[in-house]
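If you want the building blocks of each chain, they are given just below.
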Amino acid sequence: MSIVTFISDYGHRDYHVAIAKAQLLNWSPSAIAVDIAHAVEHFDLVETAYLMKSCWKSFPMGTTHVLGVKSQLNRMPLVAVKDNQYFVSADNGVLSMILEEFPDELYEIDLPIQDSDTSFPMGNIFMQIAAHLSRGGHPQMIGKRTDYWENLSFPHAYLSGGGIQCQVVHID
């Protein structure tokens, strides 16, 4: 059995989360799906990074984390390996904010993708990758090593004009 965590901006009002989990279980019936959050503000990579940074180290080695916020594919998805945990994401900069340094290994996934897969990459592509990893598959079996990822910095507070400037990242 392997744990697959899931974070998205899909909300709780429709079926997208259920379809993504169903796809995971179709490909890896023994996987344990753990929800991190699904009410992330739409396309908010900073909130996504904050939530994942707050919890990923609590999961056991071998856990796969699927990041489904702003998951449209401009290029093939990435799998980052850090401290024996896997992160599946679009190359949108969120991985650099979560990990804060280059991962132990980084792979650009090279799976055959149909045009219909790109309309719902979370269920059609990301969960297939997560299932492969949860069954003990290695990223190099489905991708090639790369040194390139979109690099974004997590926002920090700073002094300005006698005050502190900051960005509200998440309201609990």
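Remember, it's a predicted structure, so these values are computed and weren't measured experimentally.

### Quick notes on the overall build of the chain
Point 1. The secondary structure content of the chain amounts to four helices and nine strands.
Point 2. The secondary structure elements of the chain, listed N-terminal to C-terminal, are β-α-β-α-β-β-β-α-β-α-β-β-β.
Point 3. Computed over C-alpha atoms, the radius of gyration of the chain comes to 16 Å, within 12% of the 16 Å expected from 2.2 N^0.38 for 172 residues, which places it in the range of a compact globule.
Point 4. Viewed in the frame of its principal axes, the chain has a C-alpha envelope of about 55 × 40 × 35 Å.
Point 5. Put simply, the chain has 172 residues, and 51% of those count as buried.
Point 6. Looking at the chain alone, contacts between residues at least 24 apart form 71% of all its contacts between residues at least 6 apart.
Point 7. Here the chain displays about 9,100 Å² of accessible surface, and carbon together with sulfur accounts for 50% of that area.
Point 8. Counting 10 positive and 19 negative side-chain charges, the chain places the centres of these two groups 3 Å from one another.

### A word on the packing of helix α1 (residues 16-27) against helix α4 (residues 121-134)
Point 1. Direction vectors running N to C along α1 and α4 enclose 40 degrees, while the axes themselves pass 8 Å from each other. Our classification of the angle between α1 and α4 gives oblique. Crossing handedness for the pair α1 and α4: right-handed. Along its contact with α1, which presents A20, Q23, L24 and W27, the element α4 presents M122, G123, N124, M127, Q128, A130 and A131.

### Side note on the sheet that holds strand β6 (residues 105-109)
Strand pairs in the sheet, formed through backbone hydrogen bonds, run parallel or antiparallel to each other.
Point 1. Strand order in the open sheet made by the seven strands is β2-β1-β3-β5-β4-β6-β7, with mixed pairing throughout. Across the chains shown, the open sheet's two edge strands, defined by having one partner strand only, are β2 (32-37) and β7 (143-145). For this sheet, the mean inter-axis angle between neighbouring strands, taken without regard to orientation, is 25 degrees.
Point 2. Pairing of strand β1 (residues 3-8) with β2 involves five bridges; the strand directions are parallel. Bridging from a neighbouring strand, I7 pairs with A37 of β2.
Point 3. Running over the sheet, helix α2 (residues 45-55) touches β1, β2, β3 (64-68) and β5 (85-89) and is turned about 155 degrees from β1.
Point 4. Running at roughly 170 degrees to β3, α4 makes contact with β1, β3, β4 (78-82), β5 and β6 of the sheet.

### Re the side chain of T5
Point 1. Following the sequence through the fold, T5 ends up in strand β1.
Point 2. If we skip the residues at most four places from it in the chain, T5 touches V34, I36, M52, F59, T63, T64, H65 and V66.

### A closer look at the pattern of salt bridges
Side chains carrying opposite charge are able to pair once their charged atoms draw close together.
Point 1. With the rule as written, the count across this model stands at seven salt bridges.
Point 2. Put simply, K21 and D35 hold a salt bridge, and the shortest N to O gap is 2.6 Å. Separated by 14 residues along the polypeptide, K21 in helix α1 and D35 in strand β2 bring together distant segments of the chain.
Point 3. K21 sits in the partly exposed class, given a relative accessible area of 22%.
Point 4. Ionic pairing is found between E108 and R75, a salt bridge with its closest N-O pair at 3.3 Å. Here the residue E108 occupies a position in strand β6, and R75 occupies one in the loop between β3 and β4, the gap between them amounting to 33 residues.

### Overview of the environment of M52
Point 1. Of note, M52 is situated in helix α2.
Point 2. What makes M52 buried here is its relative accessible area of 1%.
Point 3. When residues no more than four places from it in sequence are discounted, the contact partners of M52 are T5, I7, I36, H65, L67, F87 and I98.

### Regarding the nonpolar core
Point 1. Core analysis: the biggest nonpolar cluster contains 26 residues, and F6, V66, M122 and I129 have the highest contact counts within it.
Point 2. Counting residues per element, the ones that place at least two in this core are β1, α1, β4, β5, β6 and α4.
Point 3. A total of eight residues in this core trace back to one element, the largest contributor, which is α4.
Point 4. The next biggest cluster of nonpolar side chains, apart from the first, holds 23 residues, and it includes L45, A49, I98 and V169.

### What about α4?
Point 1. Over its 14 residues, α4 extends 18 Å from the first C-alpha to the last, a length consistent with the 20 Å expected when each residue adds 1.5 Å.
Point 2. M127 marks where α4 bends most, by close to 30 degrees.
Point 3. Of all 14 residues in α4, 13 are buried, a share of seventy percent or more.

The rules behind each value
Residues numbered from 1 in each chain as written. Predicted model: local features only at pLDDT ≥ 70, side-chain atom pairs only at ≥ 80, totals over all residues. Heavy atoms only, no water. Helix = DSSP H or I, 4+ residues; strand = E, 2+ residues; numbered from the N terminus. Rg over C-alpha atoms; globule rule 2.2 N^0.38 Å. Buried < 20%, exposed > 50% of the residue type's maximum accessible area, 1.4 Å probe, protein only. Contact = heavy atoms within 4.5 Å. Areas by Shrake-Rupley, 256 points an atom, 1.4 Å probe, with all protein chains shown as cover. Lys, Arg positive; Asp, Glu negative; His and termini not counted. Charge placed at Lys NZ, Arg CZ, Asp CG, Glu CD. Axes fitted to C-alpha atoms, helices over the stretch in contact; angles between N-to-C directions. Parallel < 35°, antiparallel > 145°, perpendicular 65-115°, else oblique. Left-handed = near helix turned anticlockwise from the far one by under 90°. Pairing = 2+ DSSP bridges. Salt bridge = Lys/Arg side-chain N within 4 Å of Asp/Glu carboxyl O. Core = buried A, V, L, I, M, F, W, Y, C linked by side-chain atoms within 4.5 Å. Expected span 1.5 Å × (residues − 1). Bend = angle between axes of the 7 residues up to and from the residue.

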